[in-house]
Amino acid sequence: MGFSAAARLWGPPGLLLTFVLHPALCLRPAQTSAPPHRDYCVLGAGPAGLQMAYFLQRAGRDYAVFERAPRPGSFFTRYPRHRKLISINKRHTGKANAEFNLRHDWNSLLSHDPRLLFRHYSRAYFPDAGDMVRYLGDFADRLGLHVLYNTTIAHVTLNKDRQAWNGHYFILTDGMGHAHRCSVLLVATGLSVPNQVDFPGSEYVEGYESVSVDPKDFEGQNVLILGRGNSAFETAENILGVTNFIHMLSRSRVRLSWATHYVGDLRAINNGLLDTYQLKSLDGLLESDLTDLAVVKDREGKFHVTLKFFLEEGNQSADAITLPQDDSDNFAMRVAYDRVIRCLGWNFDFSIFNKSLRLSSGGEFSKKYPLVKASYESKGSRGLFVLGTASHSVDYRKSAGGFIHGFRYTVRAVHRLLEHRHHGVAWPSAQHPISQLTSSIVRRVNEASGLYQMFGVLADVVLLKENATAFEYLEEFPMQMLAQLETITGRKARHGLFVINMEYGRNFSGPDKDVFFYDRSVGHTEDAWQSNFLHPVIYYYRHLPTEQDVRFRPADWALPRPTAIHHIVEDFLTDWTAPVGHILPLRRFLENCLDTDLRSFYAESCFLFTLTRQKLPPFCQQGYLRMQGLRGTESLWRHGVESGLLRDYTIVGRRREDQGQGPLSSSQAPEPPVQPLDSNKEEL
């Protein structure tokens, strides 16, 4: 009976039933199978996203970049609205050193390809935004970066898993409903949400992101601009010559970048309105909290500014609302405006991130930036890193971490951190004998772009070996993570360390400072600690500072109080190579910290030291006693002869021949000076 029923099932009707069920049977595993996995997911193919993709690709890692647009750099296809970038494209410096030239190239990303320098894409000092779009496209294409274009990530959440690198995976869902799983999430989406202030009448305000850029649309109009940053002044600059007047209203006074040394403050290229204001040409600047104001529209379509407390509950006609000039007939904004434009900057887009990621605390500042540590890792989710402009909370109004010429180096620091955490690759370092310590520091402070641009944020670290016989040199480490250096880098700091940083003078910059005051420069080495302009500062610690030391460091100090500190005096040319003014004080500082002699010596001097001293200078230990002879060049040896420090044995040889004694034997004649063992600059 059962067999007959089974036979009927597998007959023609049963076969049909099998075909009907087959699609469902095939689809069920697809629905429950895990989404495609990648070790690293990068959100956004802007400058920061492409920079991280480059480092991941060079390291041979499994990664993908998700980009919602069909090409990289979609932000620059629209912004800045008037198309002129304010990032410097300095094509000529008079130097051939590529690392030094990056100090003054604010647009290039880091790569091994010299063709991918921005100076090949624009000759303008302040280039067009279209050139940046073209550059980023070439950067991605020429390097073969793995970018998934036209892929909008709509939602990001966590999936806990003990086997994952960080105890969880990140699940990314795109606009088509497809899921992607990642071990590490690198967010490089920038700031894309216009900052808006909610006040009565804000619906009448036009946004920077949509207002017309044609000056003809503003001819003969009275214009009020809300904001006082570069976007506000950029907008004003575009219409300055066609309006009746422009008033600019902001919460606080204008901050000028040349006074604050912060590149995000108002740049001189956009500050034409300051001239017309101070030279009495109708335009003007005002300060007030926007949340205290209201904008009302009259019957003629004109806009009036009033105070919020003048508004009464209920619907009223605009003509019935009290205006400030009704009480004070000289109220500054008593005129009517034809246009009100909002230029208040940008915020991070938190909307796609699940609350479980804890990217925002809800505070005022965290509405603009995600919450991240000094390592650029999220405070709420291990394995989630924020890169580029969105990571600027680490050094907001302090350094250049929100801009390409700054975050290209912070991205590299994050990559080095990830290489050690997940792949066991220690932070790159170079090991040298202690006699090369002075020259190594001098070279870096004169050439390094990462130190120069990310002053006060990234620093070089010198790790001393036992008995200070050698050292390891680590470049561009996040200063505020110093207490965790061994964990992050895989290097040991057991015998003391130096930290090399670039700093401005503490009392030099600020909106209330006169940065052009008389005698503002410091030229004497004994006053180096009072240097005002950017200059190198070296911290010495006998022991690695603890997290408590870093957290409770003195106010306005970049690092905890060190065992010793040295300022290299500021230099007008930012060229710290003066033998007496720069190098000699540095060498003496290092020698005092190490209790040793870091000078270079001729072989004869080393020979005398072996007879008269118990402790030899490191140079003699590493050279003369290892039978390397005189570490110098023919010119140095000739200089020693001419100065009387060395004896000219060639003259002695000729005298012996004249006296019939014959030339010196090979065992008697001194060996010719040998070339240095490496190509590093000779010790000063």
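Everything below is about the structure shown above.
This structure is a prediction, so every number in the text was calculated from the model and none was measured.

Take the state of the cysteines next. Under the defined criterion, the tally for this structure stands at one disulfide. A sulfur-sulfur distance of 2.0 Å marks the disulfide that ties Cys41 to Cys182. Torsion about the S-S bond of the Cys41 and Cys182 cystine: about -85°, corresponding to left-handed handedness. One end of the pair, Cys41, is in strand β1 (residues 37–43); the other, Cys182, is in strand β6 (residues 179–187), and 141 residues separate them in sequence. Across the pair, Cys182 and Cys41 agree in class, each one buried.

Further remarks concern the sheet that holds strand β14 (residues 339–342). If you walk across this open sheet you meet the five strands as β8-β14-β9-β10-β11, and the pairing is parallel. Looking along the sheet, the strands with just one partner apiece sit at the ends: β8 (206–207) and β11 (284–287). Taken together, the four bridges between strand β10 (residues 245–250) and β11 define a ladder with parallel strand orientation. Of the residues in β11, the one forming a bridge with Met248 is Leu285. Taken strand by strand, helix α6 (residues 230–239) contacts β9 (222–226), β10, β11 and β14, and its axis lies near 175° from that of β10.

As a further point, take the sheet that holds strand β20 (residues 497–503). One open sheet accounts for six strands, arranged β17-β19-β18-β20-β21-β22; its pairing is antiparallel. Each edge of the sheet is formed by a strand with only one pairing partner; in this case those strands are β17 (429–433) and β22 (564–567). The sheet shows a mean angle of 20° between the axes of neighbouring strands, direction not considered. Sheet strands in contact with helix α11 (residues 437–447) are β17, β18 (458–464), β19 (470–478), β20 and β21 (535–541), and its direction is about 20° off that of β19.

Trans is the prevailing form of peptide bonds, just as negative phi is the prevailing case for residues other than glycine. Here the amide bond leading from Tyr79 into Pro80 is cis, since omega sits at -5°, within 30 degrees of zero. Position of Pro80 among the secondary structure elements: in the loop between β2 (63–66) and α4 (98–101). Positioned with a positive phi, Leu282 is a non-glycine residue whose angle comes to about 75°. Among the secondary structure elements, Leu282 is positioned in the loop between α8 (272–278) and β11.

What counts, and at which threshold
Residues numbered from 1 in each chain as written. Predicted model: local features only at pLDDT ≥ 70, side-chain atom pairs only at ≥ 80, totals over all residues. Heavy atoms only, no water. Disulfide = S-S within 2.5 Å. Helix = DSSP H or I, 4+ residues; strand = E, 2+ residues; numbered from the N terminus. Buried < 20%, exposed > 50% of the residue type's maximum accessible area, 1.4 Å probe, protein only. Pairing = 2+ DSSP bridges. Contact = heavy atoms within 4.5 Å. Axes fitted to C-alpha atoms, helices over the stretch in contact; angles between N-to-C directions.

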